[in-house]
Amino acid sequence: MKDRSIWLENVVRETYPTLDKDINCDVLIIGGGITGLSCSYFLKNTHKNIVLVEGNRICTGTTAKSTGKLTYLQGDLIEKIKNIHDDEDTYIEYLNSQKEAICLAKKIIIENKIDCNLEPVNSFIFTNKSIKTNSIKTNYRLLKKHANVKLKNSLPIKIKCEKALEANDTFVFHPVKFVLGLAKIVQDKIAIYENTRVTGIDKENNYLIAHTKNGDIKAKKIVLACHYPFYIIPYLFPFKTTIEKSFLVASTVDKTKSFSAINIDKNVISLRYHKDKKNYMILATESGSLNKNIDNIKKRDAAIWRMRTLFSPDIEYAWSNHDIMTTDYLPLIGAVQENLYLATGYNTWGMTNGILAGKIISDLIKDNDSEYKDLFDPLRDEKNIPNVINYNLKNGYSFLDTKLDKKRNFYDKNVKIKKENGIYYGIYIDENKKEHKVLSQCPHMKCNLSFNYQTKTWDCPCHGSSFDIDGNIIYGPSKESIKIKK
Ligand SMILES: Cc1cc2nc3c(=O)[nH]c(=O)nc-3n(C[C@H](O)[C@H](O)[C@H](O)COP(=O)(O)OP(=O)(O)OC[C@H]3O[C@@H](n4cnc5c(N)ncnc54)[C@H](O)[C@@H]3O)c2cc1C
């Protein structure tokens, strides 16, 4: 079994250069996931000078670890949106936006012949608890006038189901092949730089200056398509968002079926099939808020156990992923300051919302307007004060927890937290008995790091940054590596 995402296997990638000098541009897009590349796609014919920078390789972040479903049946999100936003229109607008995003994805893939395993599937939300059947019926009532949905009593596979809702105009695809396909389409018109991490943004007259290790980028406009933004945006990050992490496994199966499903129960199970050289079932489960130190191996093994007992023993891949949740269940897409745009907070539905964000932000850049400008306005009024308080209490607790609990009980003889001269260090001892020692604190917000045995990385349990055993940054929001004790 490989501890990596199935989507990162056997993909053919172009290599893009690393920025090594100062440059100017009209629009700088920071982040090479589905959001950044969708934005590039919609801006490619504007005759503007556009640059995209990615701190790592293109599409190795959250997008590369998702389940790759394009659906508007997103658990019980529609019901949650309806309950928080009093006006009838909000959930309908959100639903329509997701349907539009699915149509956009299909159009882009077909028109540009992107080979990304796009497959029409029936998607389901379901419950295996009789107490939750009313919630499925509520979702049906909310959706039936606006979407092609049917109530069902079972799923196309043998798994306990009390009630389900089915939609048939939805898809699954290979998220990495899709994003790499977009990069190939835009690369003649847009300068793409890999391994180019932005470490800060300053304002200079009418320009924004993004700093990277080997050069500054002077831009008229900047799009933050970097998942969790790498700097604090007052009232938004980290105060109105939280992070949810889930564990995924892919197992070989005899046959695939044309459906995807997610339950609305406390123990989330999300399923889909994937046909490649072999047939796979992908299962995501063990979801939980990322505001506690997580024993990744325990959680991974629980996901493996679930796949084995419910479906198939032949696990080939296991990985984890996290996404940003918003307090009012709507994404944050739009301008956050003059000439600075943000797209994030997709509540685990970023395949549709990432593509949509590309469209919305490109419309805002081109015409200063978009149909969804108000719905997703990142600076909108807060609709869910109890949720904000709850999130902040949890985040505060999480921060304290990382501070107090310095010696994780799941560390073994290869991993140690050691205090020297009042400073805590994380030490990983490799197979050759070599010690790798780093400060055990994340440069982003000083949370104490937690060792992840699954990926052999030091991870921030509060905001999701990840570093290798020598402290080199793999994933933000931290914008720099952690210090290494010589
Ligand atoms: C378990 C799980 C399953 C999911 N499945 C689905 C699904 O089936 N369907 C669906 O719609 N959604 C799904 N999602 C949600 C979806 O994966 C995400 O919302 C989406 O991938 C986010 O895309 P992104 O482009 O914003 O972020 P990313 O893909 O993470 O891209 C951001 C990029 O920015 C780069 N970056 C960060 N900081 C900097 C910096 N300072 N300088 C330069 N580059 C930087 C990162 O390296 C990264 O490559 C799932 C989420 C989870 C957790």
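Quick caveat, the model's predicted, so the values are computed rather than measured.

**Student:** What is the right way to read the state of the cysteines from this model?
**Tutor:** Such a bond, covalent and formed between the sulfur atoms of two cysteines, is termed a disulfide. Counting across every chain of the model gives zero disulfides. Sulfur of Cys25: no disulfide; nearest cysteine sulfur belongs to Cys39 and is 12 Å away. Cysteine Cys59 remains unbridged, with the sulfur of Cys116 as its closest cysteine sulfur at 11 Å. On the basis of relative accessible area, Cys59 is assigned to the buried category, the value being 1%.

**Student:** Please explain the site of the ligand as it appears in this structure.
**Tutor:** Taken together, 34 residues are adjacent to the ligand, and Glu54, Thr62, Thr63, Thr67 and Tyr475 come closest. The separation between an oxygen atom of the ligand and a polar side-chain atom of Thr35 is 2.9 Å. Between the ligand and the protein, one listed contact pairs a nitrogen atom with a backbone N or O atom of Gly350 at 2.9 Å. If the ligand stood free it would expose 1000 Å²; the protein chains cover 98% of that surface. Mapped by element, the contributors of at least two residues to the shell around the ligand are helix 1 (34-43), strand 11 (241-252), strand 15 (315-326) and helix 7 (350-367).

**Student:** Looking at this model, I keep getting lost on the environment of Asn279. Mind explaining?
**Tutor:** Residue placement: Asn279 occurs in strand 14 (residues 279-289). Taking the C-alpha atoms as reference, Asn279 lies 37 Å from Gly471; in sequence the two are 192 residues apart. Residues contacting Asn279, with those up to four places away along its chain left out, are Ser251, Thr252, Val253, Asp254, Lys255, Thr256 and His274. A polar contact of 2.7 Å, which involves the side chain of Asn279, links it to the backbone oxygen of Asp254. Engagement of the side chain of Asn279 in a polar contact is seen with the side chain of Lys275, the distance being 3.4 Å.

**Student:** How should I be thinking about the domain arrangement of the chain in this particular structure?
**Tutor:** When the parts come together, some accessible area is lost, and that loss is often what is quoted as the size of the interface. Along its sequence, the chain is organised into domain 1 (116-172 + 239-326) and domain 2 (405-475). Each of domain 1 and domain 2 has a C-alpha centre, and these two points are 31 Å apart. Counting from both sides, the interface comprises 16 residues of domain 1 and, opposite them, 13 residues of domain 2. Both sides together, the interface formed by domain 1 and domain 2 hides about 1000 Å², and carbon and sulfur atoms give 50% of it. For the pair domain 1 and domain 2, the interface holds zero salt bridges. Across the contact surface, domain 1 and domain 2 share two residue pairs in polar contact (both at pLDDT 80 or more). Of all the elements in the fold, those that place two or more residues in the side of domain 1 that touches domain 2 are strand 11, helix 6 (296-310) and strand 15. When residues in the side of domain 1 that touches domain 2 are grouped by element, the largest group, four residues, is from strand 15. Its residues assigned to classes, the side of domain 1 that touches domain 2 shows seven nonpolar, five polar and four charged.

Cut-offs and rules
- Every chain's residues receive numbers from 1 upward, in the order its sequence appears when written.
- The model is predicted, so local features are restricted to residues of pLDDT at least 70 and side-chain atom pairs to those at 80 or more, both for listing and for counting; the totals for chains, interfaces and linings are taken over all residues.
- Only hydrogens and water are removed before side-chain values are computed, so all heavy atoms of the structure are retained for them.
- By disulfide we mean two sulfur atoms from cysteines, separated by a distance within 2.5 Å.
- Each residue is assigned to one of three classes by its accessible area relative to the maximum for its type, calculated with a 1.4 Å probe on protein chains only: buried under 20%, partly exposed between the two thresholds, exposed over 50%.
- Proximity is defined per residue: any heavy atom of the residue falling within 4 Å of a molecule or strand makes that residue near it.
- Polar contacts, as counted here, are pairs of nitrogen or oxygen atoms within 3.5 Å of one another; within protein the pair requires one atom able to donate a hydrogen and one able to accept it, and residues that are adjacent in sequence qualify only if both atoms are side-chain atoms.
- All accessible-area figures derive from a Shrake-Rupley calculation using a 1.4 Å probe, and residue coverage is judged against the displayed protein chains alone.
- A run of DSSP states H or I qualifies as a helix once it reaches four residues; a run of E qualifies as a strand once it reaches two. Both are numbered from the N-terminal end.
- Residues count as neighbours in contact if any of their non-hydrogen atoms are within 4.5 Å of one another.
- What fixes the domain bounds is an automatic or database domain assignment.
- Summed over both partners, the accessible area (1.4 Å probe) lost when two parts come together is defined as the buried area.
- The working definition used for a salt bridge is a side-chain nitrogen of Lys or Arg within 4 Å of a carboxyl oxygen of Asp or Glu.
- Classification convention: Asp, Glu, Lys, Arg as charged; Ala, Val, Leu, Ile, Met, Phe, Trp, Tyr, Cys, Pro as nonpolar; all other residues, Gly among them, as polar.

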